[in-house]
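# Coordinate inspection notes
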Amino acid sequence: MQKNIFIAGHRGMVGSALVRQLQADPNNNLITAKRSELDLTNQAAVQQFFKQERIDQVYLAAAKVGGIHANNEYPAEFIYENLMIEANIIHSAHQAGVQQLLFLGSSCIYPKLAEQPMKEQALLTGTLEPTNEPYAIAKIAGIKLCESYNRQYGRDYRSVMPTNLYGENDNFHPENSHVIPAMMRRFHEAKVAGAKEVVVWGTGKPMREFLHVDDMAAASVHVMNLDTDTYEANTQPMLSHINVGTGVDCTIRELAETMKKVVSFEGELVFDTSKPDGAPRKLMDVSRLKALGWQASISLEEGLTSTYQWFLQNQEQLRG
């Protein structure tokens, strides 16, 4: 039976991975709208869109995202736009009688000093990381919106919280990108320039977890399509979100060494210990997702290799 599936944010890194994943099933009829066609921060426009389209499922991957610099510079935009997008889509989906929705959040919802690895139960147990607090608050509100419509109206709105994502369609901007795309670009430019070394900030000791976006898309579809009994058995009331990650982390040094190999950079790797390290460790507890029958399958080296191939093929668009 054909399903009409709306992917909000289909041109972003996660949204485009969801499109690739869902297109593989001929029973899926994908519904998308570009920003020029539908402003997700406009309540009336979103309500009209849901009235016009016959939607069975929603993947809410649309968000205003950015690195530490962007979050610090534009906190008002980050909280306002993300709150508006999720409130408009979740409420309009409910009004249009859409029973199934999956909200995509972020691991930054957890307290700055959450015990490692971070369990779902750590939500709202402490102070957030100040640099991206407005974004994190918006994502927590998204979880609570889903939970509230489930409690009051019997909807089946689920939430998944990914760890650090990377892959095709990532942001490779020199200032505003996250660690993997920023590092990949730096190694590539050093290789092209014939540089003798690449400098990495900090000691290289902090540990981070990275998930390829194709794994994230596969996990999202898996969670969306779990039967209600299975999902509810693993989701206590007021604890409706599920962590998505590999359950394995690596040091920044190991990441840099793998990146050097993938890019084929011949020079030296230098760590600037005068620069800050950030949090010593950020790892998701993914035991719940494993119990629900899914685990990551793309290794870091494999994922970085395919991402670098994509980067090489799309360099012209990525200049900036």
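As shown above, the structure is provided for reference.
Just so it is clear, the model here is predicted, and its values are computed rather than measured.

The terminal C-alpha atoms of helix α6 (residues 179–193), which comprises 15 residues, lie 21 Å apart, in line with the 21 Å expected from a rise of 1.5 Å per residue. Of the positions making up α6, those classed as buried are I180, P181, A182, M183, M184, R185, F187, H188 and A190.

This part takes up the packing of aromatic side chains. Under the definition given, this model contains nine aromatic pairs. Both rings, one in F6 and one in F49, keep their centres 4.8 Å apart while their planes meet at 50°; by these two values the pair is tilted. Here F49 lies in helix α2 (residues 43–52) and F6 lies in strand β1 (residues 3–8), a separation of 43 residues in the sequence. Residue class for F6 comes out buried when judged on its relative accessible area of 2%. Here F187 and F265 contribute two aromatic rings whose centre-to-centre distance is 5.7 Å and whose plane-to-plane angle is 80°, an arrangement assigned as edge-to-face. In this pair, F187 sits in helix α6 while F265 sits in the loop between α9 (252–263) and β12 (268–272), placing the two residues 78 residues apart along the sequence. Here F187 and F265 have matching classes, each one buried. Directly above the ring of F78 sits K64, whose terminal nitrogen or CZ lies 5.3 Å from the centroid.

To continue, consider the sheet that holds strand β8 (residues 207–208). Strand order across the open sheet formed by three strands is β11-β8-β13, with mixed pairing between neighbours. Strands at the two margins of the open sheet, each flanked by one partner only, are β11 (250–251) and β13 (281–282). Judged from the two bridges that link them, β8 and β13 form a sheet pairing that is parallel. Bridge pairing in β13 links M207 to R281.

Turning next to the pattern of salt bridges. One pass over the structure, following the stated rule, counts ten salt bridges. R288 is the partner of E120 in a salt bridge, and the nearest nitrogen-oxygen pair spans 3.7 Å. Of the two residues, E120 sits in the loop between β4 (100–104) and α5 (133–153) while R288 sits in helix α10 (residues 287–291), which places them 168 residues apart along the sequence. The same class applies to E120 and to R288, which are both buried. Residues E301 and K261 are paired through a salt bridge, measuring 3.1 Å at the closest nitrogen-oxygen approach. Pair noted here: E301 is in helix α11 (residues 300–313) and K261 is in helix α9, with a separation of 40 residues, a long-range link. Owing to a relative accessible area of 34%, E301 belongs among the partly exposed residues under this scheme.

Read from one edge of the open sheet, six strands run β2-β1-β3-β4-β5-β10, paired in parallel fashion. In this open sheet, the two edge strands, each paired with only one partner strand, are β2 (28–31) and β10 (241–244). When strand polarity is set aside, the average angle formed by the axes of neighbouring strands in this sheet is 20°. Examined bridge by bridge, strand β3 (residues 57–60) and β4 share four bridges and lie parallel to one another.

A word on the nonpolar core. Ranked by internal contacts, the top residues of the largest apolar core, which has 40 residues, are F6, F50, V58, I89 and L101. Breaking this core down by element, the ones donating at least two residues are β1, α2, β3, α4 (75–95), β4, α5 and β5 (156–162). Ranked by the residues each element gives to this core, the list is headed by α5, at six residues. If we skip the residues at most four places from it in the chain, F6 touches I31, T32, A33, L38, F49, F50, I55, Q57, V58 and Y59.

Following both chains from N to C, one finds α2 and α4 inclined at 35°, their axes separated by 9 Å at the closest point. The handedness of the crossing between α2 and α4 is right-handed. Of α4, the residues touching α2 (which contributes Q43, V46, Q47 and F50) are N88, I89, H91, S92, A93 and Q95. Looking at the contact of α2 with α4 residue by residue, the class counts come to four nonpolar, six polar and no charged.

Reading the values: rules and limits
- Residues numbered from 1 in each chain as written.
- Predicted model: local features only at pLDDT ≥ 70, side-chain atom pairs only at ≥ 80, totals over all residues.
- Heavy atoms only, no water.
- Helix = DSSP H or I, 4+ residues; strand = E, 2+ residues; numbered from the N terminus.
- Expected span 1.5 Å × (residues − 1).
- Buried < 20%, exposed > 50% of the residue type's maximum accessible area, 1.4 Å probe, protein only.
- Phe/Tyr/Trp six-rings, centres within 6.5 Å; stacked < 30°, edge-to-face > 60°.
- Lys NZ or Arg CZ within 6 Å of the ring centre and 35° of its normal.
- Pairing = 2+ DSSP bridges.
- Salt bridge = Lys/Arg side-chain N within 4 Å of Asp/Glu carboxyl O.
- Axes fitted to C-alpha atoms, helices over the stretch in contact; angles between N-to-C directions.
- Core = buried A, V, L, I, M, F, W, Y, C linked by side-chain atoms within 4.5 Å.
- Contact = heavy atoms within 4.5 Å.
- Left-handed = near helix turned anticlockwise from the far one by under 90°.
- Nonpolar A, V, L, I, M, F, W, Y, C, P; charged D, E, K, R; others polar.

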